[in-house]
Amino acid sequence: MLNQCPGVTCALPQGAIYAFPDISGTGQTAQALADALLEREGVVVEAGSFYGAAGEGHLRICFGAESAERLEVALTRMQHFFNTLQP
């Protein structure tokens, strides 16, 4: 679902409970997007920039403790958010 969002690419996690999508295609900073996702959609993610300069342009998403249904709701909200970003 993340790869269907404009400006976002995400490799399939391999045995981890985290995704680290690249959001650099949106033209916005990781922190700005993390803050806006929380404010506008109620979805909590962490800015990749928290992990240093190499993390800028990414979000960190933890999905290990959530049900598939709850993850689908969050991803649907994220798709809505990215689809409504101003270029």
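Here, the structure is the one placed above.
Residues numbered from 1 in each chain as written. Predicted model: local features only at pLDDT ≥ 70, side-chain atom pairs only at ≥ 80, totals over all residues. Heavy atoms only, no water.

### Section: the overall build of the protein
- Along the backbone of the protein there are two helices and three strands.
- Along the protein, helices and strands appear, N-terminal first, in the series β-α-β-β-α.
- At 12 Å, the protein has a C-alpha radius of gyration in line with the 12 Å of a compact globule built from 87 residues.
- Projecting the C-alpha coordinates of the protein onto the three principal axes gives extents of approximately 30 × 25 × 20 Å.
- By residue count, 32% of the 87 residues in the protein fall in the buried class.
- Sequence separation of 24 or more characterises 56% of the internal contacts of the protein that already satisfy a separation of 6 or more.
- When the accessible surface of the protein is totalled, it reaches about 5,300 Å², and 56% of it is carbon and sulfur.
- Within the protein, the 9 negative side-chain charges are centred at a point lying 4 Å from the centre of the 4 positive side-chain charges. (Helix = DSSP H or I, 4+ residues; strand = E, 2+ residues; numbered from the N terminus. Rg over C-alpha atoms; globule rule 2.2 N^0.38 Å. Buried < 20%, exposed > 50% of the residue type's maximum accessible area, 1.4 Å probe, protein only. Contact = heavy atoms within 4.5 Å. Areas by Shrake-Rupley, 256 points an atom, 1.4 Å probe, with all protein chains shown as cover. Lys, Arg positive; Asp, Glu negative; His and termini not counted. Charge placed at Lys NZ, Arg CZ, Asp CG, Glu CD.)

### Topic: the environment of serine 67
- Inspection of the secondary structure puts serine 67 in the loop between strand E3 (59-62) and helix H2 (68-83).
- Of note is the side chain of serine 67, whose polar atom sits 3.1 Å from the backbone nitrogen of arginine 70. (Polar contact = N/O pair within 3.5 Å; in protein donor to acceptor, adjacent residues only side chain to side chain.)

### Examining the packing of aromatic side chains
- Counted according to the given criterion, the structure contains two aromatic pairs.
- A ring pair is formed by phenylalanine 81 and phenylalanine 82, whose centres lie 5.2 Å apart and whose planes are at 80°; its orientation type is edge-to-face.
- Here the basic side chain of arginine 60 rests over the ring of tyrosine 18, its NZ or CZ set 3.6 Å away from the ring centre. (Phe/Tyr/Trp six-rings, centres within 6.5 Å; stacked < 30°, edge-to-face > 60°. Lys NZ or Arg CZ within 6 Å of the ring centre and 35° of its normal.)

### So, helix H1 (residues 30-41)
- Taking 1.5 Å of rise per residue, twelve residues should cover 16 Å, and H1 covers 16 Å from first to last C-alpha, within 8% of that figure.
- The complete set of buried residues in H1 reads Ala30, Leu33, Ala34, Ala36, Leu37 and Glu41. The buried residues of H1 occupy an angular sector of 170° when projected down its axis, which confines them to one face.
- Its buried side turned inward, H1 meets strand E2 (46-47), E3 and H2.
- Glycine 42 sits one or two residues past H1 and shows a positive phi near 70°. (Expected span 1.5 Å × (residues − 1). Arc of directions from axis to C-beta.)

### Examining the environment of alanine 34
- Relative to the elements of secondary structure, alanine 34 occurs in helix H1.
- Once the C-alpha coordinates of alanine 34 and alanine 47 are considered, the two residues, 13 residues apart in sequence, prove to be 5.7 Å apart.
- Those residues within four positions of alanine 34 in sequence are excluded, and the remaining contacts are Val45, Glu46, Ala47 and Leu59.

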